[in-house]
Amino acid sequence: MSISPQQFLLGVILIACSCSSPPEVIEKPPLEVEVVKLKTESIQLEKDFVAQIYGKVDIPIRARAEGYLEGIHFQEGRMVRKGELLYTINSDPFQEGVNTANSELASAKVKLTQAENDLNRYRPLAEINAISEKDLDAAIANRDAAKAMVSAAEAKVRYQGIQLSYTQIKSPIDGLIGKTNAKIGEFVGRDPNPVILNVVSLIDSIRVEFFLSENDYLSIFKEYQEEHRKLQDNPSNVKLILADGSLFDQTGKVDFINRQIDASSGTILIQSTFPNPDRLIRPGQFARVRVPIQNVENGVLVPQRAVSEFQGKFFVFKVGEENKIVQQGIEVAGNYRDYFLVKSGLEANDLVVWEAIQKVAVGQEILPKEVVFQSQYKD
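Residues numbered from 1 in each chain as written. Predicted model: local features only at pLDDT ≥ 70, side-chain atom pairs only at ≥ 80, totals over all residues. Heavy atoms only, no water.

**Student:** Can you help me understand a nonpolar patch on the surface in this one?
**Tutor:** Taken together, the side chains of Tyr122, Leu125 and Ile128 present a nonpolar region at the surface, about 270 Å² in accessible area. Relative to the assigned elements, Tyr122 resides in helix α2 (residues 92-127). Given a relative accessible area of 30%, Tyr122 falls into the partly exposed group. (Patch = residues over 30% accessible without salt bridge, like charges linked within 9 Å, V, L, I, M, F, W, Y side chains within 5 Å. Areas by Shrake-Rupley, 256 points an atom, 1.4 Å probe, with all protein chains shown as cover. Salt bridge = Lys/Arg side-chain N within 4 Å of Asp/Glu carboxyl O. Helix = DSSP H or I, 4+ residues; strand = E, 2+ residues; numbered from the N terminus. Buried < 20%, exposed > 50% of the residue type's maximum accessible area, 1.4 Å probe, protein only.)

The structure is reproduced here in structure tokens:
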């Protein structure tokens, strides 16, 4: 019986396969994964609120006299001293008023002199009954009326002098003056023309105003009531975050809380004061204030980078028994710097994955490499 070449080749292959050993299975070592060990700390939770900045004192410079603006005597955006001349208004109409009042005063004094002379002549005559008591009484009444006229004329002179003084507008305080709202030649002092010509601000310290929601207000003040303290009696502990994200180097103190909740917005106005020695902060700036809201003893902290969120639920990958990955749901109580404060789900000394969490899966065995989390938060 002859064998074909194809049958011979097939037989050789079958013999070779029956004589070879089964392939060896090579197991991969567990993946090395960086993990952090959770710790507990006594922390102070803080919350940021949008705020607006004002000067310690912001005084509008008003034109109290109507007229054409004749002079501007300051440099905009610079410091001015108390009593320094800022603006002058055309004083001619007011000077005429002073002149008229002085003329009326002089006339009243002449009449007073005449009335006193008449009275001095009548008194000796009345003593010898050369004139009647009625004539003496009339002379006394004329003298008193003349005195009253002099007093009225002097008051008018003072009034006209005050009106004249309004044509020279001076700074009421030492402070920083802004941009003028009126130019030389404009008629000022009557709407719609400029009445407020400028504003002078005292900025060696600043007022920062912000609003708390009713819930925030209640939570903050319940905490302070539990500690038997009042917010306005606390040391300076309010922080100011500037528009560029930097932290202002001075801390502030709450010194005013409005008497009521705004019914339309459900918020309450809070004011805090910050020292501003370098005059870096200017009125009108927007910023954020960071207010302590709660002290937590032995709070469990987990880095925010280690936490995943899905449909409002938070979870982490925790190292379980035999170094296998477990997905652990957690309840977050709030933010603290670049951590989450854990309300439930994790305990101190738990190991959680914080790097390459997308490379691990539930049930996977890993080789945990414990590292120390370095916070990137800057106070």
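**Student:** Sorry if this is basic, but what is going on with the packing of α2 against helix α3 (residues 133-165) here?
**Tutor:** Describing two packed helices takes the angle between their axes plus the distance from one axis to the other. Look at α2 against α3: their axes get within 8 Å of each other, and the N-to-C directions meet at 165 degrees. What the angle tells us is that α2 and α3 run roughly antiparallel. Considering the relative orientation of α2 and α3, their crossing is left-handed. Classifying every residue of the contact of α2 with α3 gives 19 nonpolar, 7 polar and 10 charged. (Axes fitted to C-alpha atoms, helices over the stretch in contact; angles between N-to-C directions. Parallel < 35°, antiparallel > 145°, perpendicular 65-115°, else oblique. Left-handed = near helix turned anticlockwise from the far one by under 90°. Nonpolar A, V, L, I, M, F, W, Y, C, P; charged D, E, K, R; others polar.)

**Student:** I would appreciate a short explanation of the packing of aromatic side chains in the present structure.
**Tutor:** Centre distance and the angle of the planes are the two values used to describe a pair of aromatic rings. According to the stated counting rule, one finds 7 aromatic pairs in the structure shown. Centre to centre, the rings of Phe49 and Phe210 are 6.0 Å apart; their planes meet at 25 degrees, and the pair counts as stacked. Linking Phe49 in strand β2 (residues 39-62) with Phe210 in strand β9 (residues 196-213), this pair joins segments that are 161 residues apart in sequence. You can call Phe49 buried: its relative accessible area is 7%. Among the residues examined, Phe210 registers a relative accessible area of 1% and is labelled buried. Aromatic side chains Trp354 and Phe373 sit 5.5 Å apart centroid to centroid with 85 degrees between the ring planes, which places their arrangement in the edge-to-face category. You can see Trp354 sitting in the loop between β18 (351-353) and β19 (366-371) and its partner Phe373 sitting in the segment after β19, a full 19 residues away along the chain. Exposure class is identical for Trp354 and Phe373. Each is buried. Taken together through their ring pairs, the aromatic side chains of Tyr339, Trp354 and Phe373 make up a single cluster. (Phe/Tyr/Trp six-rings, centres within 6.5 Å; stacked < 30°, edge-to-face > 60°.)

**Student:** Which parts of the structure should I look at to understand the side chain of Ser272?
**Tutor:** Here Ser272 lies in strand β12 (residues 267-275). If near-sequence neighbours (up to four positions away) are discounted, Ser272 is found in contact with Ile206, Arg207, Val208, Phe210, Val238, Lys253, Val254 and Asp255. (Contact = heavy atoms within 4.5 Å.)

**Student:** Please clarify how the sheet that holds strand β6 (residues 168-170) should be interpreted in this entry.
**Tutor:** Backbone-to-backbone hydrogen bonds join strands into a sheet, with any given pair of strands oriented parallel or antiparallel. Pairing is antiparallel in the open sheet, where 4 strands are placed in the order β6-β5-β3-β8. Of all strands in the sheet, those with a lone pairing partner are β6 and β8 (187-188), marking the two edges. Summarising the sheet, strand β3 (residues 67-72) and β8 pair through 2 bridges and their orientation is antiparallel. Bridge assignment links Tyr68 to a residue of β8, and that residue is Phe187. (Pairing = 2+ DSSP bridges.)

**Student:** Is there a simple way to explain the pairing of β3 in this structure?
**Tutor:** The two faces of a sheet get side chains in turn, since along a regular strand they alternate between them. Alignment of β3 against strand β5 (residues 85-89), held across 3 bridges, turns out to be antiparallel. Each residue of the ladder has a partner; that of Gly71, found in β5, is Thr88.

**Student:** Would you mind showing me how to read α3 here?
**Tutor:** Turn by turn, an α-helix covers 3.6 residues, leaving residues three or four places apart pointing in a common direction. If you check α3, its first and last C-alpha atoms are 48 Å apart, about what 33 residues at 1.5 Å a residue would give, namely 48 Å. Of the residues making up α3, those classed as buried are Leu136, Ala139, Arg143, Ala146, Val150, Ala153, Val157, Gln160 and Gln163. Residues of α3 that are buried make contact with α2. (Expected span 1.5 Å × (residues − 1).)

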